[in-house]
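Reading the structure
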Amino acid sequence: MFRWILLFVFIAIIEIYAFQAIRTVSKLRWLLWGYQIISFLIMVYIFYSFSQFDRSVGQNKQSLFTIGLLLATYIPKIVITVFLLGEDITRIIGGIMREFLGNSNESFFNERRKFVSQAALSIAAIPFLSLLYGMSKGKYNFKVKKKTIYYPDLPENFDGMTITQISDIHSGSFDDPDEIAHAIDLINEQKSDIILFTGDIVNTHATEMHPWIDTFKKIEKPRLGKYSVLGNHDYGEYVTWDTDKEKQDNFEAIKDLHRQIDFKLLLNENIKIDKEGQQIALVGVENWGHNFKKAGDLPKASEGLTPEDFKILMSHDPSHWEYEVKNDKNNYHLTLSGHTHGLQFGIEIPGFLKWSPVQYVYKQWAGLYENAGRYIYVNRGFGFHAYPGRVGIWPEITVLELKRGSKIA
């Protein structure tokens, strides 16, 4: 009960400050009343929608929209609150100073300054418009990211090998067939030697992927094949099930989805990729996350391999690399992960700035990282989850080229 009281107090403070900013800038009665009515209706809808959330269904189109509406409504209002709260602190300090200096003929509180409210509203418009763009366009703003990685012990016949990686499809969130078809075309245009998918084919239920199977089957099979692993969402852990059998049946159906889109699903196992008599090992583990399901079994997946074998590891959660893989004596040359989505929110200016709040949780959260000659690439994700959009961290199709040598380009 106390949590609900705190929540309502927090919302009340935000709403009061946001309204004060509007009222300071404009005295039009119809605008003030309209703002209050719209704010009230949005609040009622959000509370109603969350009250209808069904734990047996999980995320759906309504919950996605509600989360987007919540963020687009209240993040700008929080920005306004921070500005006006800061102004109130200076007003209080000024009032105390006037009382202390004996200027009792002046009001304790100065009037709220219009330019502060104008500045607050202007700054708040940035996340508001960004979130709206993220929901309408950004979630399908697919980007092809290319990197070249050099290894002195890469078998000669694999010099120049290209890998296309996708991750975190989250098919249950899609709502635009044309945009997804365009992304599949982008994948095929890369003409890579192998295509690897690093987990989370759905949000929860296997049926989410059914409308998209024919679309994803159009990913052309390259000469070295198409392979995949599972992600944390593929185990049905985030909803309630009537029976354990229902959950297990869903899990089996999710695994079969990979076959239906012509990907070979690796379940704690490895295969050898052969090219003109030379081989590299492709290792696929089930999900292993420091704070998520630990179904991955790296020793089992690596049976028969030696430290000298050149190895590419697919592991959905990059925390696996941080806690187990990067210092493993078996020497995993390249790990491919996803999972973080870059939080679907951040700022990336190539060569200058890369920031997202998710970096305070994951040391490796987007792009290429290295430790003692071993690398991990974290894909920013193909789809989206929770917030139905992307701001600054765009959906990604990764193309990695492996070269024999010692330089990083």
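Here, the structure is the one placed above.
Residues numbered from 1 in each chain as written. Predicted model: local features only at pLDDT ≥ 70, side-chain atom pairs only at ≥ 80, totals over all residues. Heavy atoms only, no water.

1. Description of the packing of helix 1 (residues 2–25) against helix 3 (residues 61–101)
In contact at an axis separation of 8 Å, helix 1 and helix 3 are set at 75 degrees when each is read in the N-to-C sense. Taken together, the axis directions place helix 1 and helix 3 in an arrangement best described as roughly perpendicular. Contact residues: helix 1 offers Phe-10, Ile-11, Ile-13, Ile-14, Glu-15, Tyr-17, Ala-18, Gln-20 and Ala-21, while helix 3 offers Tyr-74, Lys-77, Ile-78, Ile-80, Thr-81, Leu-84, Leu-85 and Asp-88. The class makeup of the residues in the contact of helix 1 with helix 3 is 12 nonpolar, 2 polar and 3 charged. (Axes fitted to C-alpha atoms, helices over the stretch in contact; angles between N-to-C directions. Helix = DSSP H or I, 4+ residues; strand = E, 2+ residues; numbered from the N terminus. Parallel < 35°, antiparallel > 145°, perpendicular 65-115°, else oblique. Contact = heavy atoms within 4.5 Å. Nonpolar A, V, L, I, M, F, W, Y, C, P; charged D, E, K, R; others polar.)

2. Observations concerning the pattern of salt bridges
Under the defined criterion, the tally for this structure stands at 18 salt bridges. For Lys-255, the salt bridge goes to Glu-252, with nearest N and O atoms at 3.2 Å. Linking Lys-255 with Glu-252, this pair stays in helix 7 (residues 244–260), spanning 3 residues, or about one helical turn. Put simply, Arg-380 and Glu-396 hold a salt bridge, and the shortest N to O gap is 2.9 Å. One end of the pair, Arg-380, is in the loop between strand 13 (374–378) and strand 14 (396–404); the other, Glu-396, is in strand 14, with 16 residues separating them in the sequence. With relative accessibility at 0%, the residue Glu-396 sits in the buried group. Each of the salt bridges in this network shares a partner with another, and the network as a whole consists of Glu-87, Asp-88, Arg-91, Arg-112 and Arg-113. (Salt bridge = Lys/Arg side-chain N within 4 Å of Asp/Glu carboxyl O. Buried < 20%, exposed > 50% of the residue type's maximum accessible area, 1.4 Å probe, protein only.)

3. A short note on the packing of aromatic side chains
The full count for this structure, using the stated rule, is 16 aromatic pairs. Judged by centre distance (5.3 Å) and plane angle (85 degrees), the ring pair of Phe-174 and Trp-212 falls under edge-to-face. With Phe-174 in the loop between strand 2 (161–166) and helix 5 (177–189) and Trp-212 in the loop between strand 3 (194–197) and helix 6 (213–216), the pair connects residues that are 38 residues apart, well separated along the chain. Under the relative-accessibility criterion, Phe-174 is labelled buried at 3%. Trp-212 gets classed as buried once you look at its relative accessible area, which sits at 9%. Members of the aromatic cluster, joined through ring pairs, are Tyr-140, Phe-142, Phe-174, Trp-212, Phe-216, Phe-382 and Phe-384. Lying across the ring of Tyr-74, Lys-77 places its NZ or CZ 5.4 Å from the centre. The ring of Trp-365 has Lys-354 lying over it, and the distance from NZ or CZ to the ring centre is 5.3 Å. (Phe/Tyr/Trp six-rings, centres within 6.5 Å; stacked < 30°, edge-to-face > 60°. Lys NZ or Arg CZ within 6 Å of the ring centre and 35° of its normal.)

4. A look at the sheet that holds strand 3
The 6 strands lie next to each other as 1-14-2-3-4-5, forming an open sheet whose pairing is mixed. Edge positions in the sheet fall to strand 1 (143–151) and strand 5 (264–265), since each of these pairs with one other strand and no more. Relative to strand 4 (residues 226–228), strand 3 runs parallel, the two being bridged by 3 bridges. Counted as the bridge partner of Leu-196 is Tyr-227 from strand 4. The strands that helix 5 touches are strand 2, strand 3 and strand 14; relative to strand 14, the one it contacts most, it runs at about 10 degrees. (Pairing = 2+ DSSP bridges.)

5. Some remarks on the sheet that holds strand 8 (residues 311–314)
Across the sheet, which stays open at both edges, the 6 strands sit in the order 6-7-8-9-13-12 with mixed pairing between neighbours. Edge positions in the sheet fall to strand 6 (269–275) and strand 12 (367–371), since each of these pairs with one other strand and no more. The sheet shows a mean angle of 20 degrees between the axes of neighbouring strands, direction not considered. Sheet topology note: the strand 7 (residues 278–284)/strand 8 ladder contains 4 bridges and is parallel.

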